[in-house]
Amino acid sequence: MSKPPTIAEHLATRFDHQRIVIWQDSESEFSADLDGYTPSDVTVLRVDNNEFRIKYRMLREEPATKFLIFRSGATPEGVENWLLDIELAAGSVFTANRDALIRGDLGFTALGADELIAKHPSFFGDTKLIGTLKSLPLNGEDLIVARAQMCAVLLGQREHSFSELTRTLLIQHADGESRGFDALKAHGLTDFYWAGALAIYGYESQTPSLAGFVLWMFQQAAGGFTVAEPNKARNLAIDFRAFRDSKRSSDAMKTLAKDVEHNVDYAENITDISWDTLVNSDVYEAAEREVLRRLVAGISTQTMSYRDIAETISTRRRESVWFEDYATVYDGLGAAAELLPMIRAARFEMTDFADGLTKYRDEWFRIDQRYRQLTQAYLDAEFKQPIEELAEQIEKTYVTDFLTPLGMSWQEQVDAVTTWRTVNMKSQSSFYEHYVAKLLSSRKKAVVVISDALRYEVAEELRTKIQGENKFSATIDAMLGSLPSYTQLGMASLLPHTTLAHSEGGDPVLVDGQKSNGTENRSKILSAVDGVAIQAKDFVEMKPNERRDLYSSHQVLYLYHDTIDATGDKAASEYRTFKAAAEAIGELIDIVKKLGSANATNIIVTADHGFLYQRSRLAEQFNLTVKPQGEQIVATKRRYVLGRGLKEDAAFKTFTSEQVGLASDLEIQIPNSIQRIVQPGAGFQFVHGGASLQEVVVPVIQINKRRSDTVEPINVDIHPESDRITTGQIVVKLYQSSKVEPTRPGRRLRAGLYFGNQLISDELEMIFDSEGDEGRDRFQSVTLILTRDADSANNQSVEFRLSEPIDGTDQWKKYKSAPYTIKRAFASDDGWDF
């Protein structure tokens with residue numbers, strides 16, 4: 001503990017900011033040693049019936065000299081005190097009494113200041129603590145605030161409001177620490193803290209403790225804050241919500257919630273809670289898990305509609321403190337809620353080859369997309385219960401009721417065709433002529449981004465996200481992919497050419513007789529149209545000016561991106577296929593933005609082929625035990641065979657090169673439906689090369705960079721039910737005027753009640769991103785609890801305000817507002833307002 005300052009140090013401090021100090025020594029204790037206490041540059045004058053002479057010397061003869069006026073004995077009262085005007089000018093009289101010195105140093109002028117200092121000798125006996133206290137903006141007239149500031153000093157913070165003191169204690173308690181509370185106890189301030197807890201929150205106990213307070217606080221929250229006095233319930237509700245919403249204390253509050261949940265056996269009785277009550281509960285984590293469990297049951301048995309599930313997730317649970325911890329699971333449930341009904345309602349009927357392609361492009365692809373999204377959410381989720389059982393159910397349904405029947409129906413159409421082409425969908429081999437050459441003929445530049453194995457359903461999600469980027473528009477079309485649907489042929493098909501052909505040994509594929517494998521060979525082919533090929537990763541690593549120079553130097557730019565195929569086409573990593581798809585979407589958006597910054601305005605994103613993938617291993621019936629046979633087998637992969645004189649077999653569909661548009665003598669065999677050729681070492685769940693719709697419906701996304709804005713967030717309207725506030729809270733309805741779309745993204749808003757520019761309620765952040773078609777699905781309500789600051793606004797106009805973030809900053813600006821008038825009575829807080 002630091003020693004308190006000496007009398008000499010106190011005097012020196014006084015003379016640092018004033019010229020004249022009057023020392024009153026009532027007991028005549030310090031007269032003999034006076035010179036030893038006085039700074040060397042100060043003149044000492046003793047009072048001995050010479051007040052007039054002293055005043056004349058100080059004020060007229062030596063107006064710049066520092067004086068210590070020493071008076072012993074009693075101080076004359078009223079007009080008898082000739083030095084009263086000097087005392088008033090100096091601000092206070094110096095005394096060598098230790099407590100009085102401290103009181104004067106800190107500016108404590110309220111009655112009871114001496115008692116306060118005497119009651120906490122360990123605190124006021126520590127120079128370091130006094131110094132820290134003195135550095136705060138002290139109010140010497142309010143000793144409750146003074147005690148709160150003493151608590152703040154002991155907790156190592158400047159904020160002294162009761163909520164901030166409590167927040168710090170809760171954070172430490174959650175970490176198993178007690179140093180802050182121990183410091184309060186050591187300096188005699190725990191009684192003060194618990195008195196505050198009673199006066200402000202209503203917490204009362206014969207043996208108060210932090211553990212007891214935490215238990216009581218969460219029980220109050222779970223019960224709806226039913227403290228007898230409304231003001232105390234309001235205070236507790238506001239601070240409880242603030243503790244949980246703040247990044248500083250949210251983790252601690254979650255830890256405490258888990259402890260209390262365990263101690264009160266909340267999870268044991270949760271199944272008895274009604275859905276209407278449960279869906280609005282978020283005090284304990286077990287409530288979140290029970291909501292998920294019941295949603296899973298509703299999806300699995302189809303007893304909850306997709307609209308009800310979507311509304312529960314987007315409106316009821318989005319504001320839960322636990323939502324982010326389970327956001328991945330909720331994403332999966334949202335996909336599952338659409339997927340199961342979609343599969344059960346699907347009828348895989350096709351009138352012909354063209355009809356099958358069209359229906360997959362327009363409808364059936366969505367089943368693959370939702371399956372991917374659910375599967376990835378399940379694989380990513382830390383908490384796999386209770387979604388695990390649902391994921392298994394959907395896995396079986398997807399393979400049995402979608403992949404298998406779709407593959408069989410589509411195989412009938414494949415078997416019926418004699419040439420691999422259709423009138424209603426462009427062939428992949430005509431890509432350059434149809435999409436790129438048309439741009440060049442209009443004197444425009446073209447950029448083509450080819451993402452290996454970018455399946456149509458993945459590309460459609462990419463298009464949606466690009467459409468949501470400001471100043472970008474995007475449309476999607478589909479091509480009939482080349483057969484076999486593998487990389488060498490697909491990449492060659494996208495280049496400018498007259499003929500495509502396999503080389504003698506199959507690969508490389510020849511484009512007008514030239515090798516087409518590798519970036520260098522592709523650049524040679526593109527040079528004929530003033531084009532160049534580059535790896536996408538090299539383009540991304542370029543500096544902005546280098547990217548602009550590359551774009552301006554060529555009419556055509558081909559970028560090759562490989563994330564999905566590089567991951568899925570390996571036995572060791574094929575389980576990450578859907579994760580790679582999500583990564584690919586993010587990477588392609590970044591590439592498109594960088595192209596836009598390089599002044600590219602016409603960008604095409606496409607693929608060489610699609611793929612088949614399911615999380616589980618397919619049943620043995622999909623393993624082809626029949627080995628391909630022929631005069632010469634050039635290549636055998638999971639989904640195709642290249643050779644000469646191939647033997648016909650019912651397990652395969654056989655094409656000549658001419659039938660699939662190739663100029664070579666090789667024949668192609670494709671396993672029926674979704675079957676795989678058994679091969680040692682190769683991946684089995686991720687495959688391509690065959691004729692399934694997932695493999696051969698190849699996406700083409702046409703993207704334009706515009707100068708004007710293309711994205712405007714949806715509108716949110718305020719719907720007040722009354723313009724008066726008569727209780728300690730206000731409930732306001734908010735309406736999202738249209739559903740969220742790529743060009744009409746959602747809004748993030750804050751709701752609060754303001755008196756002028758002063759916030760007089762808690763403030764809640766809300767997300768408006770409903771995709772509901774029905775207007776009734778796009779309403780949200782917000783409940784705000786008034787703070788003590790609302791007292792000053794009684795009988796006056798206030799403002800319900802929605803604020804939105806300012807891009808690129810941590811600041812917010814007003815979005816919309818509505819006027820209200822507060823008309824209510826307020827109970828006293830008995831001075832506990834700090």
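Just above, that's the structure.
Given the structure is predicted, the values throughout are model-derived calculations rather than measurements.

## Remarks on the packing of helix 13 (residues 210-222) against helix 15 (residues 250-263)
A pair of packed helices can be characterised by two numbers: the angle between their axes and the separation between those axes.
Then, in step 1: Two numbers describe how helix 13 lies on helix 15: the axes approach to 10 Å, and their chain directions differ by 90°. When the interaxial angle is binned, helix 13 and helix 15 end up roughly perpendicular. Contact residues: helix 13 offers Val214, Leu215, Met217 and Phe218, while helix 15 offers Met253, Leu256, Ala257 and Val260.
Then, in step 2: Tallied by class, residues from the contact of helix 13 with helix 15 come to eight nonpolar, no polar and no charged.

## Observations regarding the packing of aromatic side chains
Then, in step 1: Following the criterion strictly, the structure yields 33 aromatic pairs and no others.
Then, in step 2: Taken together, Phe162, Phe181, Tyr193, Trp194, Tyr201, Tyr203, Phe213 and Trp216 form an aromatic cluster joined through their ring pairs.
Then, in step 3: Its guanidinium or amino end placed over the ring of phenylalanine 779, lysine 733 lies 5.9 Å from that ring's centre, counting from NZ or CZ.

## Brief notes about the sheet that holds strand 14 (residues 641-646)
Then, in step 1: Pairing in this open sheet of four strands is antiparallel, and the strands run 13-14-16-15 from one edge to the other. Bordering the open sheet on either side are strand 13 (630-636) and strand 15 (652-656), each of which pairs with just one other strand. Going from strand to strand, the sheet's axes swing by 30° on average, the running direction of each strand aside.
Then, in step 2: With five bridges joining them, strand 13 and strand 14 adopt antiparallel strand pairing. From the neighbouring strand, glycine 630 faces strand 14, where its bridge partner is leucine 646.

## Here we look at the environment of proline 742
Then, in step 1: Looking at the secondary structure, you find proline 742 in the loop between strand 21 (729-736) and strand 22 (747-755).
Then, in step 2: A C-alpha to C-alpha distance of 9.0 Å links proline 742 and arginine 463, two positions 279 residues apart in sequence.
Then, in step 3: Not counting residues up to four positions away in its chain, the partners in contact with proline 742 are Thr464, Gln467, Gly468 and Val711.

## Observations concerning the pattern of salt bridges
Then, in step 1: In the structure shown here, the tally under the stated rule is 49 salt bridges.
Then, in step 2: Of the charged contacts, one joins arginine 167 and glutamate 164 as a salt bridge, the two residues approaching to 3.1 Å between their closest N and O atoms. Placement of the pair is arginine 167 and glutamate 164 together in helix 10 (residues 162-174), with a separation of three residues, close to one helical turn.
Then, in step 3: A network of salt bridges, in which partner residues are shared, links Arg372, Arg455, Glu457, Glu461 and Lys465.

## Observations concerning the layout of surface pockets
Then, in step 1: By volume, the second largest pocket is sized at about 1900 Å³.
Then, in step 2: Tyr306, Glu338, Arg370, Gln373 and Glu771 are, among the 48 residues lining the second largest pocket, the residues nearest its centre.
Then, in step 3: For the lining of the second largest pocket, the secondary structure elements donating two or more residues are helix 18 (306-317), helix 19 (327-345), helix 20 (353-380), helix 23 (456-467) and helix 29 (577-597).
Then, in step 4: Looking at the lining of the second largest pocket residue by residue, the class counts come to 15 nonpolar, 13 polar and 20 charged.

## Side note on unusual backbone geometry
Then, in step 1: Across the junction of leucine 483 and proline 484, the peptide omega takes the value 0°, indicating a cis bond.
Then, in step 2: Following aspartate 507, the chain continues to proline 508 via a peptide bond in cis, the omega torsion being 0°.
Then, in step 3: Note that proline 508 resides in strand 7 (residues 506-511).
Then, in step 4: We note that aspartate 512 has phi near 50°; this positive angle belongs to a residue other than glycine.

## Description of the environment of proline 720
Then, in step 1: Following the sequence through the fold, proline 720 ends up in the loop between strand 19 (716-719) and strand 20 (724-725).
Then, in step 2: When the C-alpha positions of proline 720 and valine 731 are compared, they lie 8.4 Å apart, and in sequence the two are eleven residues distant.
Then, in step 3: Apart from residues no more than four positions distant in its own chain, proline 720 is found in contact with Ala818 and Tyr820.

## Observations concerning a nonpolar patch on the surface
Then, in step 1: A contiguous nonpolar surface patch, about 380 Å² in accessible area, is contributed by Phe52, Tyr56 and Trp82.
Then, in step 2: Locating tyrosine 56 in the fold gives a position in helix 3 (residues 51-61).
Then, in step 3: By relative accessible area, which is 40% here, tyrosine 56 ends up partly exposed.

## Concerning the pairing of strand 6 (residues 500-503)
Then, in step 1: Here strand 6 pairs with strand 7 via four bridges, running antiparallel. Bridging from a neighbouring strand, leucine 500 pairs with valine 511 of strand 7.
Then, in step 2: The loop that links strand 6 with its antiparallel partner strand 7 comprises two residues.

## So, the nonpolar core
Soluble, globular proteins show a tendency: their nonpolar side chains are buried together.
Then, in step 1: Counting 195 residues, the largest nonpolar core has Phe124, Phe218, Leu333, Trp420, Phe431, Tyr558 and Leu595 as the members making the most contacts within it.
Then, in step 2: With sequence-adjacent residues up to four places away left out, tyrosine 558 is seen in contact with Phe431, Tyr432, Val436, Val448, Ile450, Leu494, Leu495, Pro496, Leu526, Val532, Ala533 and Ile534.
Then, in step 3: Core analysis: the next-biggest nonpolar cluster, separate from the first, contains 26 residues, Ile725, Leu764, Val782 and Val798 among them.

## Some details on the pairing of strand 4 (residues 446-451)
Then, in step 1: Summarising burial for strand 4: six of the six residues are buried, a large majority.
Then, in step 2: When strand 4 meets strand 10 (residues 556-561), the two strands line up parallel, connected through six bridges. Pairing of valine 448 across the sheet is with tyrosine 558, part of strand 10.
Then, in step 3: Here four bridges tie strand 4 to strand 11 (residues 602-606), and the two strands are oriented parallel to one another. Within the sheet, the bridge partner assigned to valine 449 lies in strand 11 and is valine 605.

Reading the values: the criteria
Residues numbered from 1 in each chain as written. Predicted model: local features only at pLDDT ≥ 70, side-chain atom pairs only at ≥ 80, totals over all residues. Heavy atoms only, no water. Axes fitted to C-alpha atoms, helices over the stretch in contact; angles between N-to-C directions. Helix = DSSP H or I, 4+ residues; strand = E, 2+ residues; numbered from the N terminus. Parallel < 35°, antiparallel > 145°, perpendicular 65-115°, else oblique. Contact = heavy atoms within 4.5 Å. Nonpolar A, V, L, I, M, F, W, Y, C, P; charged D, E, K, R; others polar. Phe/Tyr/Trp six-rings, centres within 6.5 Å; stacked < 30°, edge-to-face > 60°. Lys NZ or Arg CZ within 6 Å of the ring centre and 35° of its normal. Pairing = 2+ DSSP bridges. Salt bridge = Lys/Arg side-chain N within 4 Å of Asp/Glu carboxyl O. 1 Å grid on protein atoms, 1.4 Å probe; cavity = no way out; pocket = protein on both sides within 12 Å on 5 of 7 lines; lining within 4 Å. Points joined across faces, edges and corners; volume = space filled by probe spheres on them. Patch = residues over 30% accessible without salt bridge, like charges linked within 9 Å, V, L, I, M, F, W, Y side chains within 5 Å. Areas by Shrake-Rupley, 256 points an atom, 1.4 Å probe, with all protein chains shown as cover. Buried < 20%, exposed > 50% of the residue type's maximum accessible area, 1.4 Å probe, protein only. Core = buried A, V, L, I, M, F, W, Y, C linked by side-chain atoms within 4.5 Å.

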